[in-house]
Amino acid sequence: MPETQVPATELTSQYTAQVTGDLERNTKEQARIGTEIEALQEQLRALQHDHAVLVSVQQALGGTSPAPAEPAAKAVTAKPSVPAQASARSKRNTPKKAAATSAKKTAAQKPTTKASSAKAPTTAAKPTLVDLIRGHLAQQSEPRSAAEITSALAQTHSDRDIKVTVVRNTLEGLVAKSHVHRTKQGASVFYTAATSPERAAVDSPAAASAS
């Protein structure tokens, strides 16, 4: 019996030592893995934070759908490119907007310039009624009545509303300034230019009768 008990005690001691060693190794391995897990969890939290930031940036830029949470590493890798893409879009859009704005301003300014340039010569080249009457009388070889002058000017300048009364009043004003001479034949009144050679012929009978 004692011989049988000795080997059993040795085996128990061996098993006990082996189990104790295994427990120590297991404990150390658990501690090592726990440390790695904590480090990985810290990395995961950082990736999740970056993912949330990227999603908010994508939504602010008008993205259609946020990136999924699983490929967090891809989202971190793409982080620098998101602002770059936004900057590139704004750079591409800015010249187009500037060109469109410049084209609109130029188009708005051109009609104004043309209109003002068109009005200036028209206003400057349009003669007055006084100029028309004096020019017409200077070309005549015989005295003309107010009605004849009005008819001639109305045909030559059909774009103007020329009336007999206005022409007669203008003629009387020119007579008062000695720019036009007035003669009377019966009940009719006729006008000639002051520089017209017919003035001498018209005034001669009056001078002769006066003498």
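As shown above, the structure is provided for reference.
These numbers were taken from a predicted model, which means no experiment stands behind them.

Peer 1: Which parts of the structure should I look at to understand the overall build of the protein chain?
Peer 2: Within the protein chain, the secondary structure is distributed over 7 helices and 2 strands. In the protein chain, the succession of helices and strands from N to C terminus is α-α-α-α-α-α-β-β-α. Across the 211 residues of the protein chain, 15% fall into the buried class. Taking the intrachain contacts of the protein chain between residues at least 6 apart in sequence as the baseline, contacts between residues at least 24 apart amount to 47%. Carbon together with sulfur atoms contributes 58% to the accessible area of the protein chain, which is approximately 15,700 Å² in total.

Peer 1: Could you clarify how one ought to interpret the side chain of glutamine 140 in this entry?
Peer 2: Looking at where glutamine 140 falls in the secondary structure, it is placed in the loop between helix H4 (129–138) and helix H5 (146–156). Taking relative accessible area as the criterion, glutamine 140 reaches 18% and is therefore assigned buried.

Peer 1: Looking at this model, I keep getting lost on the environment of arginine 182. Mind explaining?
Peer 2: Along the chain, arginine 182 turns up in strand S1 (residues 180–185). For arginine 182, a relative accessible area of 46% corresponds to the partly exposed category. When the C-alpha atoms of arginine 182 and proline 143 are compared, they prove to be 8.7 Å apart, with 39 residues separating the residues in sequence. Other than its neighbours up to four places away in sequence, arginine 182 contacts Glu172, Val175, Val189, Phe190 and Tyr191. Within the local environment of arginine 182, its side chain forms a polar contact with the side chain of glutamate 172, the two groups lying 2.7 Å apart.

Peer 1: How should the packing of H5 against helix H6 (residues 164–176) be read in this particular structure?
Peer 2: Each pair of packed helices can be described by the angle between their axes along with the distance between the axes. Where H5 contacts H6, the two axes come as close as 9 Å, and the packing angle between them is 115 degrees. For the crossing formed where H5 meets H6, the hand is right-handed. Contact residues: Ala146, Ile149 and Thr150 in H5; Val164, Val167, Arg168 and Leu171 in H6. Partitioning the contact of H5 with H6 into residue classes produces 5 nonpolar, 1 polar and 1 charged.

Peer 1: Which parts of the structure should I look at to understand a nonpolar patch on the surface?
Peer 2: Side chains of Val53, Val57 and Leu61 sit close together on the surface and give an oily, nonpolar patch of about 190 Å² of accessible area. In this fold, leucine 61 is placed in the loop between helix H1 (2–60) and helix H2 (72–78).

Peer 1: Help me out: how do you make sense of the packing of H4 against H5 in this one?
Peer 2: Taken N-terminus to C-terminus, the directions of H4 and H5 make an angle of 105 degrees; their axes are 11 Å apart at the nearest point. If you check the angle between H4 and H5, you find them roughly perpendicular. Counted together, Leu129, Leu132, Ile133, His136 and Leu137 of H4 and Ile149, Ala152 and Leu153 of H5 form the full contact between these two elements. Taken together, the residues that form the contact of H4 with H5 break down as 7 nonpolar, 1 polar and no charged.

Peer 1: I tried to follow H6 on my own but got confused; where do I start?
Peer 2: Note: α-helices contain 3.6 residues per turn, so residues at a spacing of three or four share the same orientation. The end-to-end C-alpha separation of H6 is 18 Å, in line with the 18 Å expected for 13 residues at 1.5 Å each. Among all positions in H6, only Val167, Thr170, Leu171 and Leu174 are buried. All buried residues of H6 lie within an arc of 105 degrees about the axis, which places them on one face of the element. Of the exposed residues in H6, those oriented more than 90 degrees away from the buried face are Asn169 and Ala176. On its buried side, H6 packs onto H4, H5, S1 and strand S2 (188–193).

Peer 1: For this particular structure, what's the right way to read unusual backbone geometry?
Peer 2: Peptide bonds are, in most cases, trans, and in most cases residues other than glycine have a negative phi. If you check the backbone angles, serine 178 has positive phi at about 65 degrees while not being a glycine. Tracing the backbone shows serine 178 in the loop between H6 and S1.

Peer 1: How should the nonpolar core be read in this particular structure?
Peer 2: Judged by nonpolar contacts, the single largest core of 14 residues is most densely connected at Ile133, Leu137, Ile149, Leu153 and Leu171. Going through the elements one at a time, H4, H5, H6 and S2 are the ones with two or more residues in this core. Among all residues touching isoleucine 133, those that are not within four sequence positions of it are Ile149, Leu153, Val167, Thr170, Leu171 and Leu174.

Peer 1: So what exactly am I meant to see when it comes to H5 here?
Peer 2: Those residues of H5 that sit buried are Ala146, Ile149, Thr150 and Leu153. Projection of H5 onto a plane perpendicular to its axis shows the buried side chains occupying an angular sector of 100 degrees, all on one side. Contact partners of the buried residues in H5: H4, H6 and S2.

About the criteria used
Residues numbered from 1 in each chain as written. Predicted model: local features only at pLDDT ≥ 70, side-chain atom pairs only at ≥ 80, totals over all residues. Heavy atoms only, no water. Helix = DSSP H or I, 4+ residues; strand = E, 2+ residues; numbered from the N terminus. Buried < 20%, exposed > 50% of the residue type's maximum accessible area, 1.4 Å probe, protein only. Contact = heavy atoms within 4.5 Å. Areas by Shrake-Rupley, 256 points an atom, 1.4 Å probe, with all protein chains shown as cover. Polar contact = N/O pair within 3.5 Å; in protein donor to acceptor, adjacent residues only side chain to side chain. Axes fitted to C-alpha atoms, helices over the stretch in contact; angles between N-to-C directions. Left-handed = near helix turned anticlockwise from the far one by under 90°. Nonpolar A, V, L, I, M, F, W, Y, C, P; charged D, E, K, R; others polar. Patch = residues over 30% accessible without salt bridge, like charges linked within 9 Å, V, L, I, M, F, W, Y side chains within 5 Å. Salt bridge = Lys/Arg side-chain N within 4 Å of Asp/Glu carboxyl O. Parallel < 35°, antiparallel > 145°, perpendicular 65-115°, else oblique. Expected span 1.5 Å × (residues − 1). Arc of directions from axis to C-beta. Core = buried A, V, L, I, M, F, W, Y, C linked by side-chain atoms within 4.5 Å.

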